[in-house]
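This is what each chain is made of:
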Number of protein chains: 2
Amino acid sequence: MYRMKKITIPMDPPHIVVLGAGFGGLTFCQAFRQATARITVVDRQNHHLFQPLLYQVATAGLSAPEIAQPIRSILRDRPNVTVRWGQVSDLDLDQRTVRLETGTLPYDYLVLALGSVTGYFNHPEWEAEAPGLKTLEDALQIRRRILLAFEEAENCPDPVQRSCLMTIVIVGGGPTGVELAGAFAELARHVLRRDFRRIDPRQARVVLIEAGPRLLRQLPPRLAAKAAARLSALGVEIHANTHVETVRHGELQLTGGRQIESANIIWAAGVAANPLTRKLGVPLDRAGRVLVNPDLSLPGHPEVFAIGDLALVTGADGRPVPGVSPAAMQMARHVARLLEAEVSGRSGSSTRPSFVYRDRGTMATIGRSAAVAQIGRLQFWGWPAWAAWLLIHLIFLIGFRNKAAVVLQWTYSYFTYKLGSRIVTGAEPAQNRPPHPADKAGPSEAAA
Amino acid sequence: MYRMKKITIPMDPPHIVVLGAGFGGLTFCQAFRQATARITVVDRQNHHLFQPLLYQVATAGLSAPEIAQPIRSILRDRPNVTVRWGQVSDLDLDQRTVRLETGTLPYDYLVLALGSVTGYFNHPEWEAEAPGLKTLEDALQIRRRILLAFEEAENCPDPVQRSCLMTIVIVGGGPTGVELAGAFAELARHVLRRDFRRIDPRQARVVLIEAGPRLLRQLPPRLAAKAAARLSALGVEIHANTHVETVRHGELQLTGGRQIESANIIWAAGVAANPLTRKLGVPLDRAGRVLVNPDLSLPGHPEVFAIGDLALVTGADGRPVPGVSPAAMQMARHVARLLEAEVSGRSGSSTRPSFVYRDRGTMATIGRSAAVAQIGRLQFWGWPAWAAWLLIHLIFLIGFRNKAAVVLQWTYSYFTYKLGSRIVTGAEPAQNRPPHPADKAGPSEAAA
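A quick note: this is a predicted structure, and the numbers were derived from the prediction, not measured.

Caption draft 1: Molecular detail of the pattern of salt bridges. In the structure shown here, the tally under the stated rule is 24 salt bridges over all chains. Note that B:Arg76 and A:Asp195 form a salt bridge whose closest N and O atoms lie 3.3 Å from each other. Of this pair, B:Arg76 sits in the loop between helix H3 (71–74) and strand E5 (81–85) while A:Asp195 is found in the loop between helix H6 (175–191) and strand E12 (205–209), placing the two residues in two different chains. Here B:Arg248 makes a salt bridge to B:Glu251, at a shortest N to O gap of 2.7 Å. With relative accessibility at 8%, the residue B:Glu251 sits in the buried group. Ionic contacts of the salt-bridge type, sharing partners, join the residues A:Asp295, A:Glu342 and A:Arg352 into one network.

Here is the structure:
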């Protein structure tokens, strides 16, 4: 009844191991509805993170639990799904095993959904000076550093050093960079405005650096121009066509010999696939992404799939499918349907369907009541785009409680210009001060 | 017009330095309404913490920002108040200066409101194995350890070790211990119940250890008995008349040779005044509290006051005023009124009024819909006490946003039996595993 070339199906329910419970891994577990397979999902965090709102945690608008949900809690009603909190240390595709630091998992099918990490273009040493924004820890660290920098500025007698402390530089003009720049400009101009006695937070500089000719290259030029105009109105300095030459402690060297002193540099310029892909022994692109087959399986390994940010697959338009959450979720559903059919013996042929990406559009928000959005052929901006952005993010934010809490926070912030999550934990004021030029002789913060 | 024996009032507005922005320090800043003095308030955190709800952060019911508010934000409309985020390193009462790690503050009046720390009765080495609950970091660490312990238990093949991981011991049967025990019992029995596949969280042991003959000695015996019965119904094991002899890595030695193996020991048994009081050179009690004059000033230093947990003062009933937030707030208002009168020259006599403590009652909540309360001569329990507890905590929780967010969380948790803040940050699963006997040979977690 059931036959396939390379895969032998065991008599007991096959075991599917899913690595990663981001948008890809979690959607796979939810979309695979049949009880004909055991699923084990492994993540190194106990929570699924709603990454599109991560920048609001970094800019003190939301608290960490509001955009995260325990993975166990999301999957509690799936008796055939086991959640395992652990770190993957190795993979053996020939032996079909995944090695965790706390044991070994054999699999019949493997779904790689480990996502991406911040990419520094072969300059890993920049990470300590210019943190990226990928995890809740990243977001909390950025929030901590910037709030501490304003505190330091309040007590700093030297105007040069004070201006360094009050300068925020964001490298990378994609959606994350644009959203961070807008949110920081509002934080300084509206939220912190009346809280200090000696400094005027409105004098904070927010600088956005983009290597390409314009912001938001994912969007049509007209919308990108709207976004840039809105950022400029908020006081953000935009430097396009500008490459970063070096990142040092509290300063940035740019093309053309320009230099910016800043205690708060944030890296939103690049991503790379999870470094675990290098252990697979299959062809990768420069960013470490797996060159998958059209069905998303690995070359030579039909029982292994890669989905989400770590898979490189080409869309119908000949361009690579972008590393965004809707793409990861579509890939997850594709593999879930494909495996459901194979496991239950319903797949009539031995050729698998190819993955087809449907572009649902792109959007970015720029501070209060402004956004730009492209949905299909539709382009819009300002209030309507912002309303659409709000609605879409709420619909996708997993878990009712989080939705309600986020609505509450947003409503409150909107009317009061206050932000609720300006709380720093895990930092003693003196030990954890942000880096600035005067500190150069001392131990770097990254070592602390 | 204005005369006083020992204090000379400078012609420019006097400078009042307030150390600590807890209930005492913050209330002082809010109650001192005249602009006739400059006030500088120093805290080592950027936020005021609503300590009575801290146990709910530890037990994953609330997120950290929900019970904390930036000090700057609370005091933004007081132009004569300056907020300074910093750690006090030394005090010089003769020179009238406070030394911070980032500078020196001279003062005309000093208000010490530094609060208390967890006290280990001359066993500081127990702190690493049995953390206390005083700060947001403490609460987040307890939450992290216990959620990690359940994850470890899920993957632990050894039944002895598994039972150690699933045992939570709380030392100290005061309100904090009782509230923690109730909340942990509910966490295991209701919230985590369906989330695991191999362990049954309902089999978790929650043990409450009290050295005295009964729980809640602050309350009448009848109410304490009600609380004990309610805890027992939730499955909490109560050991009264039981002293802790030793705390070791993952185990507890009790009087009579009894021993409990537990990966999760929490210390709620004692408090001591902030150790900075030892630098004052004035008489202290055994817990390090300052023996203040009836007006709350320090012996020999009428310009220095101690309020809140670090002051030892006797109430009208001859008993020491307890270290609770209403007492700290009453002391703050007393000193604020007294200094307002002195600074503005309104104080007619050279004798200052004595502080009079008004006991507003005591209450403790025990899990879902149960509490015990004494307000004046009134004693009540069950639903009515719980409703009173809710109302009073909401009224005092500073800041509208927090109130609304907490109401939302509580309503949601009440109807769904889910908790919103089961999010662990700052921990990699493998590096940060909780201590248990099998780990004894390895490095202790406290060192990590």
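Caption draft 2: Structural detail: the sheet that holds strand E6 (residues 88–92) of chain B. Residue and element names in this part refer to chain B. Taken in spatial order, the three strands line up as E6-E7-E8 in an open sheet, and their pairing is antiparallel. Edge positions in the open sheet fall to E6 and strand E8 (103–106), since each of these has one partner strand only. With direction set aside, neighbouring strand axes in the sheet form an average angle of 20°. Here E6 pairs with strand E7 (residues 97–100) via four bridges, running antiparallel. Residue Val88 lies in a different strand from E7, and its bridge partner there is Leu100.

Caption draft 3: Focus on helix H8 (residues 325–344) of chain B. Taking 1.5 Å per residue as the helical rise, H8(B) with its 20 residues ought to reach 28 Å, and the 28 Å between its terminal C-alpha atoms agrees with that figure. Backbone geometry just downstream of H8(B) places B:Gly345 in the positive-phi region, at approximately 75°.

Caption draft 4: Structural view of the packing of aromatic side chains. Residue and element names in this part refer to chain A. For the coordinates displayed, the defined rule picks out 14 aromatic pairs over all chains. With centroids separated by 5.8 Å and ring planes inclined at 35°, the aromatic side chains of Phe28 and Phe32 adopt a geometry described as tilted. Summarising the burial analysis for this pair, Phe28 and Phe32 share the class buried. One aromatic cluster is present, built from ring pairs that chain together Tyr120, Phe121, Trp126 and Trp267.

Scoring rules and cut-offs
Residues numbered from 1 in each chain as written. Chains lettered and ligands numbered in written order. Predicted model: local features only at pLDDT ≥ 70, side-chain atom pairs only at ≥ 80, totals over all residues. Heavy atoms only, no water. Salt bridge = Lys/Arg side-chain N within 4 Å of Asp/Glu carboxyl O. Helix = DSSP H or I, 4+ residues; strand = E, 2+ residues; numbered from the N terminus. Buried < 20%, exposed > 50% of the residue type's maximum accessible area, 1.4 Å probe, protein only. Pairing = 2+ DSSP bridges. Axes fitted to C-alpha atoms, helices over the stretch in contact; angles between N-to-C directions. Expected span 1.5 Å × (residues − 1). Phe/Tyr/Trp six-rings, centres within 6.5 Å; stacked < 30°, edge-to-face > 60°.

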